[in-house]
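Residues per chain are reported as follows:
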Amino acid sequence: MEPTETDGGIMEQPKNLEGYVGFANLPNQIYRKSVKRGFEFTLMVVGESGLGKSTLINSLFLTDLYSPEYPGPSHRVEKTVTVEQSKVLVKEGGVQLLLTIVDTPGFGDTIDNSNCWQPIIDYIDNKFEGYLNAESRVNRRLMPDSRVQCCLYFITPSGHGLKPLDVEFMKRLHEKVNIIPLIAKADTMTPEECQLFKKQIMRGIQEHKIRIYQFPETDDEEEMKMVKRIKDRLPLAVIGSNTIIEVNGKRVRGRQYPWGVADVENGEHCDFTILRNMLIRTHMQDLKDVTNNVHYENYRSRKLAAVTYNGVDNNKSKGQLTKSPLAQMEEERRDHVSKMKKMEQEMEQVFEMKVKEKLQKLRDSEAELQRRQEQMKKNLEAQHRELEDRRRQHEEEKERWEAQQRILDQQKLDNSRTLEKNKKKKIF
Amino acid sequence: TATVGGPYGEKASGPGVDFSYVGIDAILEQMRRKAMKQGFELNIMVVGQSGLGKSTLMNTLFKSKVSRKSVQATAQEKIPKTIEIKSISHDIEEKGVRMKLTVIDTPGFGDQINNENCWRPIMKFINDQYEAYLQEEININRKKRIPDSRVHCCIYFIPPTGHCLRPLDVEFMRRLSKVVNIVPVIAKADTLTLEERDFFKKKIREELRANGIDVYPQKEFDEDAEDRMINEKIREMIPFAVVGSDQEYQVNGRRLLGRKTKWGTIEVENIAHCEFAYLRDLLIRTHMQNIKDITSSIHYEMYRVRRLNENNTVVAHANGMPEHHLAAHEM
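Note that the structure is predicted; figures quoted are calculated from it, not measured.

1. Some details on the overall build of chain A
- Within chain A one finds 9 helices and 9 strands.
- Considering only contacts in chain A between residues 6 or more positions apart, those separated by 24 or more positions represent 67%.
- Per element, the accessible surface of chain A, about 28800 Å² overall, is 52% carbon and sulfur.

2. Describing the overall build of chain B
- Along its length, chain B carries 10 helices and 11 strands.
- Here chain B holds 331 residues, and 47% of them are scored as buried.
- For chain B, long-range pairs separated by at least 24 residues make up 66% of all intrachain contacts whose partners lie at least 6 apart in sequence.
- For chain B, the exposed surface amounts to about 17500 Å²; the carbon and sulfur share of it is 52%.

3. Details of the environment of B:Tyr300
Residues and elements named next belong to chain B.
- By the element assignment, Tyr 300 lies in helix H9 (residues 288-313).
- Sequence-wise, Tyr 300 and Asp 111 are 189 residues apart; in three dimensions their C-alpha atoms are separated by 30 Å.
- Beyond its immediate chain neighbours, meaning those up to four positions away, Tyr 300 contacts Tyr 130, Tyr 133, Leu 134, Glu 137, Arg 150 and Thr 295.
- A distance of 2.8 Å separates polar atoms of two side chains, one belonging to Tyr 300 and the other to Glu 137.

4. Overview of the packing of helix H2 (residues 54-61) of chain B against helix H8 (residues 276-286) of chain B
Residue and element names in this part refer to chain B.
- Interaxial distance between H2 and H8 falls to 11 Å at its minimum, and their mutual angle equals 65°. Here H8 runs roughly perpendicular to H2, going by the angle between their axes. As H2 packs across H8, the resulting crossing turns out to be right-handed. Contacts between H2 and H8 involve Leu 57, Thr 60 and Leu 61 from the former and Phe 276, Leu 279, Arg 280, Leu 283 and Ile 284 from the latter.
- Broken down by class, the residue content of the contact of H2 with H8 amounts to 6 nonpolar, 1 polar and 1 charged.

5. Topic: the packing of helix H3 (residues 118-136) of chain A against helix H4 (residues 164-173) of chain A
Residues and elements named next belong to chain A.
- Interaxial distance between H3 and H4 falls to 11 Å at its minimum, and their mutual angle equals 15°. As judged from the angle between their axes, H3 and H4 are roughly parallel. As for the relative orientation of H3 and H4, their crossing is right-handed in sense. For the pair formed by H3 and H4, the contact residues are Ile 120, Ile 121 and Ile 124 on the first element and Phe 169, Arg 172 and Leu 173 on the second.

6. Some points on the sheet that holds strand S9 (residues 248-251) of chain B
All names here are of chain B.
- The strand order S9-S10-S11 describes an open sheet built from 3 strands, whose pairing is antiparallel. Two strands lie at the open edges of the sheet, namely S9 and strand S11 (264-267), each paired on one side alone. Put simply, the sheet's adjacent strands are angled 65° from each other on average, direction ignored.
- Sheet topology note: the S9/strand S10 (residues 254-261) ladder contains 4 bridges and is antiparallel. For Glu 248, the partnering residue across the bridge sits in S10 and is Leu 257.

7. Description of the interface of chain A and chain B
- Between chain A and chain B, the contact holds 41 residues from the first and 40 residues from the second.
- Surface buried jointly by chain A and chain B totals about 3500 Å² across both partners, of which 58% is contributed by carbon and sulfur atoms.
- Between the two partners, chain A and chain B, sit 2 salt bridges.
- Residues B:Glu196 and A:Arg255 are paired through a salt bridge, measuring 2.6 Å at the closest nitrogen-oxygen approach.
- Taken together, chain A and chain B are joined by 13 residue pairs in polar contact (both at pLDDT 80 or more).
- Ranked by residues supplied to the side of chain A that touches chain B, first place goes to helix H5 (residues 191-207) of chain A with 5 residues.
- Partitioning the side of chain A that touches chain B into residue classes produces 15 nonpolar, 14 polar and 12 charged.

8. Quick word on the confidence of the model for chain A
- For chain A, mean pLDDT is 84; residues scoring 70 or higher make up 90% of the total.
- The spread of mean pLDDT over the elements of chain A runs between helix H1 (residues 26-37) of chain A, the lowest at 80, and strand S4 (residues 150-155) of chain A, the highest at 93.

9. Focus: a positive patch on the surface
- There is a patch of like positive charges on the surface, built from B:Arg33, B:Lys34, B:Lys37 and B:Lys144.
- Secondary-structure assignment places B:Lys34 in helix H1 (residues 27-38).

10. Observations regarding a negative patch on the surface
Residues and elements named next belong to chain A.
- Together, Glu 395, Glu 396, Glu 397, Glu 399 and Glu 402 line one region of the surface with negative charge.
- Among the structural elements, Glu 396 can be located in helix H9 (residues 325-427).
- Given the relative accessible area of 45%, Glu 396 is considered partly exposed.

11. Let's talk about the pattern of salt bridges
Residue and element names in this part refer to chain B.
- Enumeration over the complete set of coordinates arrives at 40 salt bridges over all chains.
- One salt bridge in this structure joins Glu 29 and Arg 32, with 3.8 Å as the shortest N-O distance. Residue Glu 29 and its partner Arg 32 are both found in helix H1; the two are separated by 3 residues, about one turn of the helix.
- Its relative accessible area of 34% is what places Glu 29 among the partly exposed residues.
- Close ionic contact of Glu 301 with Arg 304 constitutes a salt bridge, the shortest N to O distance being 3.9 Å. Of the two residues, Glu 301 and Arg 304 are both situated in helix H9; the distance of 3 residues between them amounts to about one turn of the helix.
- You can call Glu 301 partly exposed: its relative accessible area is 30%.

12. Some points on the packing of aromatic side chains
- According to the stated counting rule, one finds 15 aromatic pairs over all chains in the structure shown.
- The ring of A:Tyr296 carries A:Arg147 above its face, with NZ or CZ at 4.7 Å from the centroid.
- The side chain of B:Arg150 reaches across the aromatic face of B:Tyr133, ending 3.7 Å from its centre.

13. A short note on the confidence of the model for chain B
Residue and element names in this part refer to chain B.
- For chain B, the average pLDDT comes to 82, and 84% of its residues sit at 70 or higher.
- Counting interchain partners and residues more than four positions distant, the pLDDT-below-50 stretch residues 1-14 has 18 contacts.
- Here residues 315-331 is a poorly scored stretch, pLDDT under 50, and it has 12 contacts once near neighbours within four places are set aside; other chains count.
- Both scores are available for the predicted complex, with the pTM at 0.72 and the ipTM at 0.76.

14. What about H1(B)?
- The end-to-end C-alpha distance of H1(B), which contains 12 residues, comes to 16 Å, matching closely the 16 Å that a straight helix rising 1.5 Å per residue would cover.
- One or two residues past the end of H1(B) sits B:Gly39, with phi positive at roughly 85°.

15. Side note on the nonpolar core
- Membership of the largest hydrophobic core comes to 154 residues, with the highest contact counts inside it found for A:Leu152, A:Phe169 and B:Phe172.
- When residues of this core are assigned to their parent elements, the largest contribution, 7 residues, is made by H3(A).
- Once residues lying within four places of it in the same chain are set aside, the contact partners of B:Phe172 are B:Val47, B:Phe109, B:Trp119, B:Ile122, B:Cys154, B:Tyr156 and B:Ile182.

16. Examining the pairing of strand S2 (residues 84-92) of chain A
All names here are of chain A.
- Across 9 bridges, S2 lies against strand S3 (residues 95-103) in antiparallel orientation. Bridge pairing in S3 links Gln 85 to Val 102.
- Following S2, the chain reverses through 2 residues before pairing antiparallel with S3; Gly 93 in that reversal takes a positive phi of roughly 55°.

How each quantity is defined
- Residues numbered from 1 in each chain as written.
- Chains lettered and ligands numbered in written order.
- Predicted model: local features only at pLDDT ≥ 70, side-chain atom pairs only at ≥ 80, totals over all residues.
- Heavy atoms only, no water.
- Helix = DSSP H or I, 4+ residues; strand = E, 2+ residues; numbered from the N terminus.
- Contact = heavy atoms within 4.5 Å.
- Areas by Shrake-Rupley, 256 points an atom, 1.4 Å probe, with all protein chains shown as cover.
- Buried < 20%, exposed > 50% of the residue type's maximum accessible area, 1.4 Å probe, protein only.
- Polar contact = N/O pair within 3.5 Å; in protein donor to acceptor, adjacent residues only side chain to side chain.
- Axes fitted to C-alpha atoms, helices over the stretch in contact; angles between N-to-C directions.
- Parallel < 35°, antiparallel > 145°, perpendicular 65-115°, else oblique.
- Left-handed = near helix turned anticlockwise from the far one by under 90°.
- Nonpolar A, V, L, I, M, F, W, Y, C, P; charged D, E, K, R; others polar.
- Pairing = 2+ DSSP bridges.
- Buried area = accessible area lost by both parts, 1.4 Å probe.
- Salt bridge = Lys/Arg side-chain N within 4 Å of Asp/Glu carboxyl O.
- pLDDT = per-residue confidence, 0-100.
- Patch = residues over 30% accessible without salt bridge, like charges linked within 9 Å, V, L, I, M, F, W, Y side chains within 5 Å.
- Lys, Arg positive; Asp, Glu negative; His and termini not counted.
- Charge placed at Lys NZ, Arg CZ, Asp CG, Glu CD.
- Phe/Tyr/Trp six-rings, centres within 6.5 Å; stacked < 30°, edge-to-face > 60°.
- Lys NZ or Arg CZ within 6 Å of the ring centre and 35° of its normal.
- Expected span 1.5 Å × (residues − 1).
- Core = buried A, V, L, I, M, F, W, Y, C linked by side-chain atoms within 4.5 Å.

Following this line, the structure appears as structure tokens:
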């Protein structure tokens, strides 16, 4: 076997080892470290009101991110698209996931929906820029990743293919984020209608050259089979529900109709389990990788190219990239110093507060002790007095008793004298 | 027993001759005959976004393929770039009663990204029909029977979001309830569970009230207490949650119209499943004549008054002939 040489001159022939070295343990180390660090994932949901987005998110992650008190579309007053994010920390089997859900209420809801995608594009670009800046800093220890890693786009189940709004949105966002189109409220359609609708949508997507998220090719046979199964059912038709219903003694999550129960987790009823498995169990890491390697890199190269092309930063952002590293260091130092000052001030405040508290406490305890002393003194005096009383009583009793004794003695004497007298009398 | 002969044969009366019977009630029979000979006309407009089941519902209502899609040869799937108004007429017959049914479809409504003023073409169409009728009416030589192309009823399809009306829905219904009878329905109601459906209906009724939208049956046109009672019951149920289907399935040994899913079969005419039967009864079996009456005696009259007032104020224009007509006619 001849060793093959690549451009870098490194030999690429896999060597056979003669013993157990141990680097097979690397995946475990990575695993342990990742578990300790925890995972992050940012998911965006886009679609018109009333397509069941909130219910689906609740069903996917089995949390109440959108609790019943969350003001639903019927209570919303604003007429423009807003982008809101909510964070939730989910834990399962020792693994932590910091999940950020980005919601877009108001999308497609008004009469004139032109440019309703603009706030969303701005948001995504904003997050990319934040990451870019954090990456370019001198001090990069903390780099929170809040880039949008996946966008679930909800299609109305009209049965008639893509709407102009769907096409426009996806065309503008397919190069910025991983788009996964979903057919919402899939229990509207019979299986035949669903098949037809899916075909229409895929045809529309190909016609308009929209690049939705592609599943990665692998060499593994099993995985390829699974991926193919998913690909055949794109776009996924989902139903969401968090209510549990009894069906023939079994408890299922589903929707109760007078003619039957639509089971969310039944593969024949809808594609919810496929979505969940794909999104969470198998492809979450790949979504993050594609976001990082493809979408983010696209953004970065476009942004930097725009800067270097003109020499002047023609983007409206702060243009931190045009500063030299020294200036950047200076700025960072200043930031750091001001931060330290603030922290110092805060600590002093805290310290003062604590001192005051302690003093107060000491004074309180002093007062307490004083009080107790008074109390005890009073008790003592009371006891003293009581004792005096008793002693007096005792004295009085003693006197009385002595007086009684004297009387008795006197009586005895008298009696003995009379007895003597009588005796004497008798003798005579 | 002696019989008193009515216009249509014998009328057996009691043991004696009933001299107090004049025969006025026989007019009903005369009218019925005339109506059967003449036939009826009904023009229904369906409005709503694509994919809400409008065509299917029309087919289900009249138990035959009356929708535009069934008639058009090409399978037109593309959403049109502007709103088009397409009318298809059919002659249908049942038990000797003939009806000319015209279904007016509005493909493209609410499907664009920018739907500003998408109600304008529809308003224009409705007013054009009133105008055509008006022109026929003010002719010197009038036709014996003026063809009635006025829109008697507009069925508005509300998407089953389950939350509330969309701004587009409110705008459309607000403007059009003033010129035509609007019957709002919740489309594809098999998406909603019963609780969701009740909540949605309540929200819709609240919003209609809050926006001052008067849908059919309008409160102000109730004629008497009996009408009011019947109509109140209907008003408590609108909008009707409907499901349409033109396919039959075998359910419990009977062939019924329905939709078959993996978790059950939805029976369209079963009132425990959806309210299609109520809509059909309202539109066809009980209130059809009332709908036509309100259209001709109220909506059309309002249009006519407005138009004639407009013309009278336009004195400067040498619109000679028509004005004289109008003046003469009013006298």
